[in-house]
Amino acid sequence: MRVDRKAFLRLTGLSFLALAGKQAIRAVTAAAQSATPQLGPVRRWAMVIDLKKCLQDSGCVRCIEACHAAHNVPDFKDRKHEVKWIWKEPFEHVFPPEGAEYTLAAFRGAPLPVFCNHCDEPPCVRVCPTQATWRRADGIVMMDWHRCIGCRYCVAACPYGSRSFNWLDPRPRIGRLTTDFPTRTRGVVEKCNLCEERLAQGQAPACVAACKEKAMVFGDLEDPDSDVRSLLRTRYAIRRRPELGTRPQIYYLV
Amino acid sequence: MFMFEKAVVGSRRYWTWILCLFAVIGLGLLSYLRQLATGLGITGLSRDVTWGLYIAQFTFFVGVAASAVMVVLPYYLHDYKVFGKITILGEFLAISAVTMCMLFIFVDMGQPSRVLNILRYPTPNSMMFWDMISLSGYLLLNAVISLVSLSAERKTVAPPGWIKPVILVSIPWAISIHTVTAFLYNGLPGRSFWLTAILAPRFLASAFAAGPALLILLCMIMRKVTSFDAGQEPIRKLSVIVTYAMIVNVFFVLMEFFTVFYSRIPEHMEHFRYLFSGLEGHSSLVPWMWTSMALAGLSLVLLIVPRFRRSDPVLAFTCSIVFLSLWIDKGLGLIVGGFVPSPLGVVTSYVPTLPEISITAAVWAVGFLMITVFYKITLSVRESLAG
Amino acid sequence: MRDRGLILGGLLLFLAAITFPIWWDSAARVTSRGPEPVLPANEKSCVAPTAYMRSSHMQLLINWREQVVRNDFRTYTAFNGKTYKMSLTGTCMGCHTDKARFCDRCHNYAGVTVVCWDCHVDPALIRKGAEYARR
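Report on the accompanying structure. This is a predicted model, so every value here is computed, not measured. (Residues numbered from 1 in each chain as written. Chains lettered and ligands numbered in written order. Predicted model: local features only at pLDDT ≥ 70, side-chain atom pairs only at ≥ 80, totals over all residues. Heavy atoms only, no water.)

Topic: the side chain of Arg-74 of chain C
- Mapped onto the elements of the fold, Arg-74 of chain C is located in the loop between helix H3 (50-71) and strand S1 (75-77).
- Overall, Arg-74 of chain C belongs to the buried group, its relative accessible area being 15%.
- One polar contact links Arg-74 of chain C to Glu-196 of chain A, side chain to side chain, over a distance of 3.3 Å.
- Those residues in contact with Arg-74 of chain C that sit more than four places away from it in its chain are Glu-196, Glu-197 and Ala-200 of chain A together with Val-68, Tyr-84, Lys-85 and Met-86 of chain C. (Helix = DSSP H or I, 4+ residues; strand = E, 2+ residues; numbered from the N terminus. Buried < 20%, exposed > 50% of the residue type's maximum accessible area, 1.4 Å probe, protein only. Polar contact = N/O pair within 3.5 Å; in protein donor to acceptor, adjacent residues only side chain to side chain. Contact = heavy atoms within 4.5 Å.)

Concerning the packing of helix H1 (residues 12-38) of chain B against helix H14 (residues 354-386) of chain B
All names here are of chain B.
- One way to put it is that H1 packs onto H14 with a least axis distance of 7 Å and a crossing angle of 145°. Considering only the axes of H1 and H14, their crossing is left-handed.
- Along the lines of polarity and charge, the residues of the contact of H1 with H14 split into 18 nonpolar, five polar and two charged. (Axes fitted to C-alpha atoms, helices over the stretch in contact; angles between N-to-C directions. Left-handed = near helix turned anticlockwise from the far one by under 90°. Nonpolar A, V, L, I, M, F, W, Y, C, P; charged D, E, K, R; others polar.)

A short note on the interface of chain B and chain A
- Taken together, the contact pairs 42 residues of chain B with 48 residues of chain A.
- Taken together, both faces of the contact between chain B and chain A bury some 3,700 Å²; the carbon and sulfur share is 54%.
- The interface formed by chain B and chain A contains three salt bridges.
- Here Glu-267 of chain B ties to Arg-241 of chain A by a salt bridge, and the two come within 3.0 Å at their closest N and O atoms.
- The interface formed by chain B and chain A includes 32 residue pairs in polar contact (both at pLDDT 80 or more).
- Going through the elements one at a time, H1, helix H5 (117-120), helix H6 (127-154) and helix H7 (163-186) of chain B are the ones with two or more residues in the side of chain B that touches chain A.
- Residues of the side of chain B that touches chain A, tallied by class, amount to 21 nonpolar, 15 polar and six charged. (Buried area = accessible area lost by both parts, 1.4 Å probe. Salt bridge = Lys/Arg side-chain N within 4 Å of Asp/Glu carboxyl O.)

What to know about the sheet that holds strand S9 (residues 237-238) of chain A
Residue and element names in this part refer to chain A.
- Spatial strand order, S8-S1-S10-S9: four strands in an open sheet with mixed pairing. Edge positions in the sheet fall to strand S8 (216-220) and S9, since each of these pairs with one other strand and no more.
- Looking at chain direction, strand S1 (residues 45-50) and S8 are connected through five bridges and run antiparallel. By the bridge assignment for S8, Ile-49 is matched with Met-216.
- Most of the contacts of helix H9 (residues 227-234) go to S8, to which it runs at about 110°, and overall it touches S1, S8, S9 and strand S10 (250-253). (Pairing = 2+ DSSP bridges.)

Notes on the packing of helix H8 (residues 199-225) of chain B against helix H13 (residues 312-339) of chain B
Residues and elements named next belong to chain B.
- Following both chains from N to C, one finds H8 and H13 inclined at 140°, their axes separated by 9 Å at the closest point. Here H8 lies oblique to H13, going by the angle between them. Both H8 and H13 take part in a crossing whose hand is left-handed.
- Each residue belonging to the contact of H8 with H13 can be placed in one class, and the counts come to 17 nonpolar, two polar and five charged. (Parallel < 35°, antiparallel > 145°, perpendicular 65-115°, else oblique.)

Topic: the packing of aromatic side chains
- Evaluation of the coordinates by the stated rule reveals 36 aromatic pairs over all chains.
- On the numbers, 6.3 Å between centres and 40° between planes, the contact of Phe-251 of chain B with Phe-252 of chain B is tilted.
- Classification of Phe-251 of chain B as partly exposed rests on a relative accessible area of 46%.
- For Phe-252 of chain B, a relative accessible area of 17% gives the class buried.
- It is Arg-152 of chain A that lies over the ring of Phe-165 of chain A; its NZ or CZ is 4.9 Å from the centre. (Phe/Tyr/Trp six-rings, centres within 6.5 Å; stacked < 30°, edge-to-face > 60°. Lys NZ or Arg CZ within 6 Å of the ring centre and 35° of its normal.)

With respect to the pairing of strand S2 (residues 86-90) of chain A
Residue and element names in this part refer to chain A.
- Burial analysis of S2 places four of its five residues in the buried class, which makes it a mostly covered element.
- The pairing of S2 with strand S3 (residues 111-115) spans five bridges and is antiparallel. Counted as the bridge partner of Lys-88 is Pro-113 from S3.

Comments concerning the arrangement of the chains
- Contacts are most numerous, across the two pairs of chains in contact, for chains A and B.
- Nothing in chain B touches chain C, and the closest approach of their C-alpha atoms is 12 Å.

Considering the interface of chain A and chain C
- Tallying the contact residues gives 30 residues for chain A and 22 residues for chain C.
- There are three salt bridges connecting chain A and chain C.
- The salt bridge partner of Asp-72 of chain C is Arg-136 of chain A, with a shortest N-O separation of 3.4 Å.
- In this structure, the connection of chain A to chain C is made through nine residue pairs in polar contact (both at pLDDT 80 or more).
- Elements that contribute at least two residues to the side of chain A that touches chain C include exactly strand S5 (141-143) and helix H7 (196-199) of chain A.

Focus: the pairing of S10 of chain A
Residue and element names in this part refer to chain A.
- Burial along S10 is two-sided: Ile-250 and Tyr-252 and Tyr-251 and Leu-253, pointing in opposite directions, are all buried.
- The sheet contact formed by S9 and S10 spans two bridges and is antiparallel. Counted as the bridge partner of Ile-238 is Tyr-252 from S10.

A short note on the environment of Thr-123 of chain B
- Here Thr-123 of chain B shows up in the loop between H5 and H6.
- In this structure Thr-123 of chain B touches Cys-128, Pro-129, Thr-130 and Gln-131 of chain A together with Phe-129 of chain B, once residues within four positions along its chain are discounted.
- A distance of 2.9 Å separates a polar atom in the side chain of Thr-123 of chain B from the backbone oxygen of Pro-129 of chain A.
- A distance of 3.0 Å separates polar atoms of two side chains, one belonging to Thr-123 of chain B and the other to Gln-131 of chain A.

A look at the pattern of salt bridges
- One pass over the structure, following the stated rule, counts 31 salt bridges over all chains.
- With a closest N to O distance of 2.8 Å, Arg-136 of chain A and Asp-138 of chain A form a salt bridge.
- Residue classification places Asp-138 of chain A among the buried residues on the basis of a relative accessible area of 8%.
- Between Arg-70 of chain C and Asp-144 of chain A there is a salt bridge whose closest N-O contact spans 2.8 Å. Separated into two different chains, Arg-70 of chain C in helix H3 and Asp-144 of chain A in the loop between S5 and helix H6 (153-157) make up a pair that spans both.
- Residue Arg-70 of chain C is classed as buried on the basis of its relative accessible area, which comes to 12%.
- Through salt bridges with shared partners, one network takes in Arg-44, Asp-120, Glu-121, Arg-135, Glu-222 and Arg-247 of chain A.

In short, shape yes, function no, at least from these values alone.
Structure representation (structure tokens):
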């Protein structure tokens, strides 16, 4: 059989189209199935932070030390290259509209713990081009460091500044290496993961366990009897920038 | 098939230029290897300002790439014969600009070896996914169009019929590439500097001013150093396009100023304050932004007044300042302004480092190299036809 | 034949370049005995048959990675019915405690660059003391 060049090119082009079509169909159906299968009861994890208790000792950084030690978070002295999962930020930075001249004078400059809000409508998940970050059914916004391409689009999208990029190799800057959790490599974005690896073993997040004032309360919003639900029933809670529609799940009791 | 043999024959001046470009590329490549080994920490980027020179250049050059539509649309859609000789130049400019864009994205990535993850795990809700699709598609479209057009011109036959729909598709596609790029920014709820519906129209207006301005400059350079003369009329018409686009662009910028400073929402004003008067002592971008504004204002005068617009030396100056003004606005002010102040209200300064500038220069040199080679091939084809 | 020297010189250069992978690696590490990974003393069976592990341990690890990271599922039921926790550092390195004398042996022999250890912590780094970790 003699195939002339035109016919050959036509055949090759059609084959590529068919292959691309097959990939596209696979991608679409895979996307439909990519929702995390929920094993066990439906949960929605959230955290309530009682600021009155937390500010009893405003110099305390136990939550930060516990988290960063448990997850091999590097300590870059240069502010430009900082990597932090949880840190203390002045009240006016965390809740800008509240920082009026005379209101809440008690809170001016007060350092509050801030970290990823594990939003219900996370803009970072919306923009990630590879689904290296996604929202689990139980509310945790996860990171897959194997897939992250380091484009930092999620960092741009996060309205809270919760995400850090590894500008340099983190290993030399890790104080005490632990085998409980991998480190990350340079070129990927990281953030608080709500200690999902500890939750899988039935433990509380590291920051919650380390808080000596018991200011950080962690629980399941789907359980009406949980600590978080009863706290939210009795005290007024504020969240960071709720007008943006991100529906953050970290609540602050003032 | 690609007529590259025409690009390796040239004068001493041609080869000096090519060698200079290769030198710049080589130096940038060394810097990039260092960046691969050490990490993006060798740039001036920081936790607060995570996108800088690379992404800003990408944003600017998507506009230049899209501007090819300004010569293609009149010629192919409205049979405007005046642009007949320069549509191919516009298309080649588009190819070079899109390549630069893709290179800028690549050098900005933290894990470039994983770039294919965007295709392995398609994510339709991410604008970056669509950006990759649209840029790749536009590159392919223009490559096919310019190859077929030039081959046909060389054989002195009309191009095949099937190329017409391909060219027509490239027109809305050109608009879409820059719209998608604007969507990267203006869908982010946390970045109030970018959260404006007018961002995409602004991008397009500035693109349609900067791109044709560059094309005019390239035609003038070619008139000086080669035997190719695009002619008086195409350049005149292009300058009219630049005029209108610049008017629209400046108007849009003024709209932004009004919205922000009349509504007086503190968070929105802070970004403009940082750019135009400095915040908390950080004012490195202030002289740049005011220069951009001044150049834009001056260019409007020189463009609108017909006597200045029709004078070639003045037009060359005007196009240069249009390009520079828009490059500062889009290539510097837009990206950094969005990141400062940070979502926590912190002001962080961003100054590109030498390796960062070196890599950027190398990508520029790649673009210039491509343009030089493409235009050399086109000119050689036309010379051999004429002579 | 004109330019005989140049042609032959060029040919030799080409041969050297095209056979580079063979003589560069061979000189360094290939021996007739092959790689000799040191197996763990206590455990006799792995999470999968040895032949499978030898040929496809990377497929298994990628499957574990997807399950743990993306599906929050951590229990692996092995071919012999035993259950393991899917963890490179925890389970694999729990038995294969010496990366340098096990994993690296075959990887170095085959000239394979493995990036797992850029992130996953080799327990040996902890054992050797905190100074080693703070390189």
